[in-house]
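Summary of structural features
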Amino acid sequence: YYLDRSFRMYNAIKGQGGPKKYQWQAVDIDYYDFLKDSYINNPLSFYSPDYVNAISRCKSIKNSLKSDSPYKNESNASVILAKILNTNQGILFDLLAANTYADKLKETTLSDSDIKQLAELKNPFYQTYLTMLNNELLIQMERNKAIDGYIVHELADDITGENILPEIIKPFKGKVIFIDFWATWCAPCRAAMKKFAPVKKQYKGKDVAFIYITNQSSPQNTWENMIVEIPGEHYKLNKEQSKYLYE
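Residues numbered from 1 in each chain as written. Predicted model: local features only at pLDDT ≥ 70, side-chain atom pairs only at ≥ 80, totals over all residues. Heavy atoms only, no water.

**Details of the packing of aromatic side chains**
The condition that has to hold: Only rings of Phe, Tyr and Trp enter the pairing, Trp through its six-membered ring, and a pair is recorded when the two centres are within 6.5 Å. The plane angle decides the type: under 30 degrees is stacked, over 60 is edge-to-face, the rest tilted. What counts as a helix is a DSSP run of H or I of at least four residues, what counts as a strand is a run of E of at least two, and both are numbered from the N terminus. When a residue's accessible area, from a 1.4 Å probe over protein chains only, is under 20% of the maximum for its type it is buried; when over 50% it is exposed; and in between it is partly exposed. Note on geometry: a ring has a charge over it if NZ (lysine) or CZ (arginine) is within 6 Å of the ring centre and within 35 degrees of the ring normal.
Considering all chains together, one arrives at 10 aromatic pairs under this definition. Centre to centre, the rings of Phe196 and Phe210 are 6.1 Å apart; their planes meet at 65 degrees, and the pair counts as edge-to-face. On the criterion of sequence distance, the pair formed by Phe196 in helix 8 (residues 187-202) and Phe210 in strand 3 (residues 208-214) is long-range, its members being 14 residues apart. For Phe210, a relative accessible area of 10% puts it in the buried group. Following the ring pairs from residue to residue traces out a cluster consisting of Tyr31, Tyr32 and Phe34. When the ring centre of Phe210 is taken as origin, the NZ or CZ atom of Lys200, which lies over that ring, is 5.4 Å away.

**Quick word on helix 4 (residues 91-104)**
Along an α-helix, residues three or four positions apart point the same way, because every turn accommodates 3.6 residues. Basically, it comes down to this: To estimate the expected span of a helix, count its residues, drop one, and scale the result by 1.5 Å. It only takes one pair of heavy atoms within 4.5 Å for two residues to be counted as in contact.
Over its 14 residues, helix 4 runs 20 Å from end to end, which matches the ideal 20 Å to within 8%, given 1.5 Å per residue. Within helix 4, burial applies to Ile91, Leu92, Phe93, Asp94, Leu95, Leu96, Ala98 and Tyr101. Residues of helix 4 that are buried sit in contact with helix 2 (51-59), helix 3 (77-85), helix 5 (112-118) and helix 6 (125-144).

**Overview of the sheet that holds strand 4 (residues 232-236)**
Which entries qualify depends on this criterion: The pairing criterion is simple: DSSP has to find at least two bridges between the two strands. For every element, the axis is a line fit to its C-alpha atoms; helices are fit only across the contacting stretch, and the angle between N-to-C directions ranges from 0 to 180 degrees.
Judged by pairing direction, the sheet is parallel, and its four strands sit side by side in the order 1-4-3-2 without closing on themselves. The outermost strands of the open sheet, each flanked by one partner alone, are strand 1 (150-153) and strand 2 (176-181). Adjacent strand axes in the sheet meet at a mean angle of 25 degrees, parallel and antiparallel pairs treated alike. Pairing of strand 2 with strand 3 involves six bridges; the strand directions are parallel. Opposite Val176, over in strand 3, you have Val208 as the bridge partner.

**Comments concerning the environment of Leu85**
The residue Leu85 is located in helix 3 in this model. Taking relative accessible area as the criterion, Leu85 reaches 15% and is therefore assigned buried. Apart from residues lying up to four places away in sequence, Leu85 is in contact with Leu35, Lys36, Ile40, Asn41, Leu92 and Phe93.

**Some words on the state of the cysteines**
The condition is simple: The term disulfide is used for any two cysteine sulfur atoms that are within 2.5 Å.
Under the counting rule described, the total for this entry stands at one disulfide. The residue that forms a disulfide with Cys186 is Cys189, at a sulfur-sulfur distance of 2.3 Å. Disulfide Cys186 to Cys189: torsion about the S-S bond roughly 75 degrees, handedness right-handed. In this pair, the class of Cys186 matches that of Cys189, namely buried.

**With respect to a nonpolar patch on the surface**
Where we set the bar: For patch detection, residues must exceed 30% relative accessible area and be free of salt bridges, and they are connected within 9 Å for like charges or within 5 Å for nonpolar side chains (Val, Leu, Ile, Met, Phe, Trp, Tyr). Note on areas: Shrake-Rupley, 1.4 Å probe, and residue coverage restricted to the protein chains presented here. The rule for a salt bridge is simple: a side-chain nitrogen of Lys or Arg has to be within 4 Å of a carboxyl oxygen of Asp or Glu.
A cluster of nonpolar side chains, namely Leu44, Phe46 and Tyr47, defines an oily patch on the protein surface of about 430 Å² accessible area. Assignment of secondary structure puts Phe46 in the loop between helix 1 (2-10) and helix 2.

Right, dumping it as C-alpha coordinates:
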(Lines give C-alpha, C1' and ligand atoms only; values in the text may rest on other atoms or scores of the structure.)
Protein backbone atom coordinates (compact mmCIF):
# COMPACT_ATOMS: atom_id res chain seq x y z
CA TYR A 1 0.00 0.00 0.00
CA TYR A 2 2.68 2.51 1.05
CA LEU A 3 4.95 1.65 -1.86
CA ASP A 4 2.09 2.01 -4.32
CA ARG A 5 1.06 5.32 -2.76
CA SER A 6 4.64 6.64 -2.86
CA PHE A 7 5.00 5.54 -6.47
CA ARG A 8 1.83 7.41 -7.44
CA MET A 9 2.93 10.58 -5.64
CA TYR A 10 6.38 10.48 -7.23
CA ASN A 11 4.90 10.03 -10.71
CA ALA A 12 2.07 12.53 -10.10
CA ILE A 13 -0.61 9.87 -10.69
CA LYS A 14 -3.96 10.99 -9.32
CA GLY A 15 -6.71 8.66 -8.15
CA GLN A 16 -6.65 4.93 -8.84
CA GLY A 17 -6.36 5.17 -12.61
CA GLY A 18 -3.38 5.78 -14.85
CA PRO A 19 -1.16 3.54 -16.93
CA LYS A 20 1.53 3.25 -14.28
CA LYS A 21 1.38 1.17 -11.15
CA TYR A 22 4.05 0.01 -8.74
CA GLN A 23 4.87 -3.64 -9.39
CA TRP A 24 5.24 -5.36 -6.04
CA GLN A 25 7.97 -7.99 -5.80
CA ALA A 26 8.67 -10.66 -3.20
CA VAL A 27 11.96 -10.29 -1.33
CA ASP A 28 14.57 -12.33 0.50
CA ILE A 29 14.66 -12.11 4.28
CA ASP A 30 17.96 -10.21 4.01
CA TYR A 31 15.98 -7.32 2.53
CA TYR A 32 14.82 -6.51 6.06
CA ASP A 33 18.33 -6.11 7.48
CA PHE A 34 17.63 -2.38 7.68
CA LEU A 35 15.38 -3.12 10.65
CA LYS A 36 18.49 -3.82 12.71
CA ASP A 37 19.34 -0.12 12.51
CA SER A 38 15.78 1.05 13.11
CA TYR A 39 13.96 1.82 16.35
CA ILE A 40 11.26 -0.78 15.79
CA ASN A 41 12.28 -2.70 18.92
CA ASN A 42 13.03 0.42 20.96
CA PRO A 43 10.46 1.52 23.60
CA LEU A 44 10.79 5.10 22.29
CA SER A 45 9.04 3.96 19.10
CA PHE A 46 5.88 3.58 21.14
CA TYR A 47 5.52 7.36 21.09
CA SER A 48 5.19 7.39 17.30
CA PRO A 49 1.61 7.49 15.95
CA ASP A 50 2.78 5.21 13.13
CA TYR A 51 4.02 2.46 15.44
CA VAL A 52 0.67 0.69 15.37
CA ASN A 53 0.92 0.42 11.58
CA ALA A 54 4.48 -0.87 11.90
CA ILE A 55 3.32 -3.64 14.24
CA SER A 56 0.53 -4.53 11.83
CA ARG A 57 3.02 -4.80 8.94
CA CYS A 58 5.34 -6.93 11.04
CA LYS A 59 2.52 -9.40 11.71
CA SER A 60 2.22 -10.10 7.98
CA ILE A 61 5.93 -9.96 7.12
CA LYS A 62 5.95 -13.51 5.74
CA ASN A 63 3.61 -12.45 2.93
CA SER A 64 6.40 -10.35 1.40
CA LEU A 65 8.94 -13.17 1.31
CA LYS A 66 9.83 -15.16 -1.79
CA SER A 67 8.14 -18.53 -2.21
CA ASP A 68 11.43 -20.41 -1.76
CA SER A 69 12.24 -18.67 1.52
CA PRO A 70 12.56 -21.13 4.45
CA TYR A 71 10.40 -18.70 6.45
CA LYS A 72 7.60 -18.34 3.89
CA ASN A 73 5.32 -20.76 5.75
CA GLU A 74 6.29 -19.60 9.24
CA SER A 75 3.02 -18.63 10.94
CA ASN A 76 4.72 -16.88 13.87
CA ALA A 77 5.99 -13.46 12.77
CA SER A 78 8.16 -13.26 15.90
CA VAL A 79 10.29 -16.15 14.62
CA ILE A 80 11.01 -14.27 11.38
CA LEU A 81 11.73 -11.00 13.18
CA ALA A 82 13.99 -12.76 15.69
CA LYS A 83 16.04 -14.03 12.76
CA ILE A 84 16.29 -10.51 11.32
CA LEU A 85 17.01 -8.68 14.59
CA ASN A 86 19.11 -11.44 16.20
CA THR A 87 16.95 -11.35 19.32
CA ASN A 88 13.50 -12.40 20.44
CA GLN A 89 13.31 -9.95 23.34
CA GLY A 90 11.99 -6.38 23.51
CA ILE A 91 8.85 -4.30 23.17
CA LEU A 92 8.23 -5.44 19.59
CA PHE A 93 8.05 -9.11 20.61
CA ASP A 94 5.94 -8.37 23.69
CA LEU A 95 3.45 -6.40 21.61
CA LEU A 96 3.26 -9.10 18.95
CA ALA A 97 2.59 -11.71 21.61
CA ALA A 98 -0.02 -9.55 23.34
CA ASN A 99 -1.62 -8.82 19.97
CA THR A 100 -2.00 -12.55 19.33
CA TYR A 101 -4.05 -12.93 22.51
CA ALA A 102 -6.03 -9.78 21.73
CA ASP A 103 -6.94 -11.28 18.36
CA LYS A 104 -7.99 -14.49 20.10
CA LEU A 105 -10.39 -12.52 22.30
CA LYS A 106 -12.27 -11.55 19.14
CA GLU A 107 -13.19 -15.19 18.65
CA THR A 108 -13.17 -16.83 22.07
CA THR A 109 -12.06 -16.41 25.68
CA LEU A 110 -8.53 -16.89 26.95
CA SER A 111 -7.58 -20.19 28.59
CA ASP A 112 -5.72 -20.54 31.88
CA SER A 113 -2.67 -21.46 29.81
CA ASP A 114 -2.99 -18.20 27.85
CA ILE A 115 -3.09 -16.17 31.05
CA LYS A 116 0.02 -17.92 32.36
CA GLN A 117 1.90 -17.25 29.12
CA LEU A 118 0.94 -13.58 29.32
CA ALA A 119 2.57 -13.48 32.75
CA GLU A 120 5.88 -14.34 31.09
CA LEU A 121 5.92 -11.04 29.18
CA LYS A 122 8.27 -8.45 30.62
CA ASN A 123 5.65 -5.74 31.10
CA PRO A 124 2.84 -6.86 33.48
CA PHE A 125 0.44 -4.41 31.81
CA TYR A 126 -0.31 -6.85 29.00
CA GLN A 127 -1.48 -9.58 31.36
CA THR A 128 -3.45 -7.14 33.52
CA TYR A 129 -5.21 -5.47 30.59
CA LEU A 130 -5.99 -8.62 28.59
CA THR A 131 -7.14 -10.48 31.70
CA MET A 132 -9.51 -7.59 32.41
CA LEU A 133 -10.91 -7.79 28.86
CA ASN A 134 -11.26 -11.55 29.21
CA ASN A 135 -13.18 -11.21 32.49
CA GLU A 136 -15.46 -8.56 30.98
CA LEU A 137 -16.17 -10.89 28.08
CA LEU A 138 -17.04 -13.76 30.42
CA ILE A 139 -19.45 -11.51 32.33
CA GLN A 140 -21.05 -10.29 29.08
CA MET A 141 -21.49 -13.87 27.87
CA GLU A 142 -23.36 -14.72 31.07
CA ARG A 143 -25.58 -11.65 30.71
CA ASN A 144 -26.37 -12.56 27.11
CA LYS A 145 -27.87 -15.86 28.26
CA ALA A 146 -30.69 -13.95 29.96
CA ILE A 147 -31.56 -11.87 26.89
CA ASP A 148 -34.17 -13.09 24.45
CA GLY A 149 -35.66 -11.74 21.22
CA TYR A 150 -32.87 -13.01 18.99
CA ILE A 151 -32.37 -16.49 17.57
CA VAL A 152 -29.16 -17.96 16.19
CA HIS A 153 -29.53 -20.41 13.31
CA GLU A 154 -26.86 -22.73 11.95
CA LEU A 155 -26.63 -23.53 8.28
CA ALA A 156 -24.87 -26.82 7.54
CA ASP A 157 -21.65 -26.50 5.57
CA ASP A 158 -22.88 -28.96 2.95
CA ILE A 159 -25.65 -26.56 1.91
CA THR A 160 -24.22 -24.73 -1.07
CA GLY A 161 -25.03 -22.69 -4.17
CA GLU A 162 -28.65 -22.13 -5.10
CA ASN A 163 -29.82 -24.13 -2.06
CA ILE A 164 -28.48 -21.60 0.46
CA LEU A 165 -31.20 -18.94 0.36
CA PRO A 166 -34.15 -21.39 0.16
CA GLU A 167 -32.77 -23.19 3.20
CA ILE A 168 -32.44 -19.92 5.13
CA ILE A 169 -36.00 -18.76 4.46
CA LYS A 170 -37.65 -22.21 4.74
CA PRO A 171 -38.54 -21.87 8.45
CA PHE A 172 -40.42 -18.63 7.72
CA LYS A 173 -42.78 -19.86 5.02
CA GLY A 174 -45.88 -17.69 4.74
CA LYS A 175 -44.23 -14.65 6.28
CA VAL A 176 -42.97 -11.42 4.77
CA ILE A 177 -39.18 -11.71 4.85
CA PHE A 178 -36.71 -8.89 5.41
CA ILE A 179 -33.04 -9.82 4.87
CA ASP A 180 -30.15 -7.66 6.04
CA PHE A 181 -26.57 -8.47 4.99
CA TRP A 182 -24.22 -6.93 7.52
CA ALA A 183 -20.92 -7.26 9.41
CA THR A 184 -19.86 -6.30 12.92
CA TRP A 185 -17.17 -3.96 11.57
CA CYS A 186 -19.56 -2.19 9.17
CA ALA A 187 -20.47 1.12 10.82
CA PRO A 188 -23.04 2.08 8.13
CA CYS A 189 -24.73 -1.30 8.63
CA ARG A 190 -25.13 -0.73 12.36
CA ALA A 191 -26.26 2.86 11.84
CA ALA A 192 -28.95 1.68 9.41
CA MET A 193 -30.16 -0.89 11.95
CA LYS A 194 -30.67 1.82 14.56
CA LYS A 195 -32.65 3.98 12.15
CA PHE A 196 -34.75 0.99 11.13
CA ALA A 197 -35.53 -0.05 14.73
CA PRO A 198 -38.79 1.97 14.97
CA VAL A 199 -40.07 0.26 11.83
CA LYS A 200 -39.33 -3.15 13.32
CA LYS A 201 -41.38 -2.28 16.39
CA GLN A 202 -44.39 -1.56 14.18
CA TYR A 203 -44.27 -5.12 12.85
CA LYS A 204 -43.52 -6.86 16.12
CA GLY A 205 -45.82 -9.84 16.59
CA LYS A 206 -46.89 -9.82 12.95
CA ASP A 207 -46.01 -12.26 10.18
CA VAL A 208 -42.71 -10.62 9.35
CA ALA A 209 -39.34 -12.33 9.70
CA PHE A 210 -36.24 -10.17 10.11
CA ILE A 211 -33.20 -12.16 8.97
CA TYR A 212 -29.65 -10.95 9.55
CA ILE A 213 -26.83 -12.58 7.61
CA THR A 214 -23.12 -12.07 8.23
CA ASN A 215 -19.96 -13.92 7.24
CA GLN A 216 -16.66 -15.01 8.77
CA SER A 217 -15.27 -11.47 8.66
CA SER A 218 -17.33 -10.80 11.80
CA PRO A 219 -15.31 -12.04 14.82
CA GLN A 220 -17.29 -14.67 16.69
CA ASN A 221 -17.31 -13.05 20.14
CA THR A 222 -18.04 -9.59 18.73
CA TRP A 223 -20.92 -11.00 16.68
CA GLU A 224 -22.40 -12.92 19.61
CA ASN A 225 -22.31 -9.83 21.83
CA MET A 226 -23.84 -7.57 19.17
CA ILE A 227 -26.78 -9.73 18.08
CA VAL A 228 -28.31 -9.72 21.56
CA GLU A 229 -29.32 -6.13 20.78
CA ILE A 230 -30.63 -7.00 17.30
CA PRO A 231 -33.95 -8.87 17.61
CA GLY A 232 -34.45 -11.29 14.77
CA GLU A 233 -33.11 -14.41 13.09
CA HIS A 234 -29.34 -14.57 12.77
CA TYR A 235 -27.12 -16.56 10.43
CA LYS A 236 -23.34 -16.62 10.19
CA LEU A 237 -22.33 -18.24 6.92
CA ASN A 238 -19.07 -19.87 5.97
CA LYS A 239 -16.79 -18.34 3.35
CA GLU A 240 -18.19 -20.25 0.36
CA GLN A 241 -21.84 -19.68 1.31
CA SER A 242 -21.45 -15.95 1.86
CA LYS A 243 -19.42 -15.55 -1.34
CA TYR A 244 -22.21 -17.16 -3.37
CA LEU A 245 -24.94 -14.98 -1.85
CA TYR A 246 -22.96 -11.75 -1.98
CA GLU A 247 -22.12 -12.25 -5.64
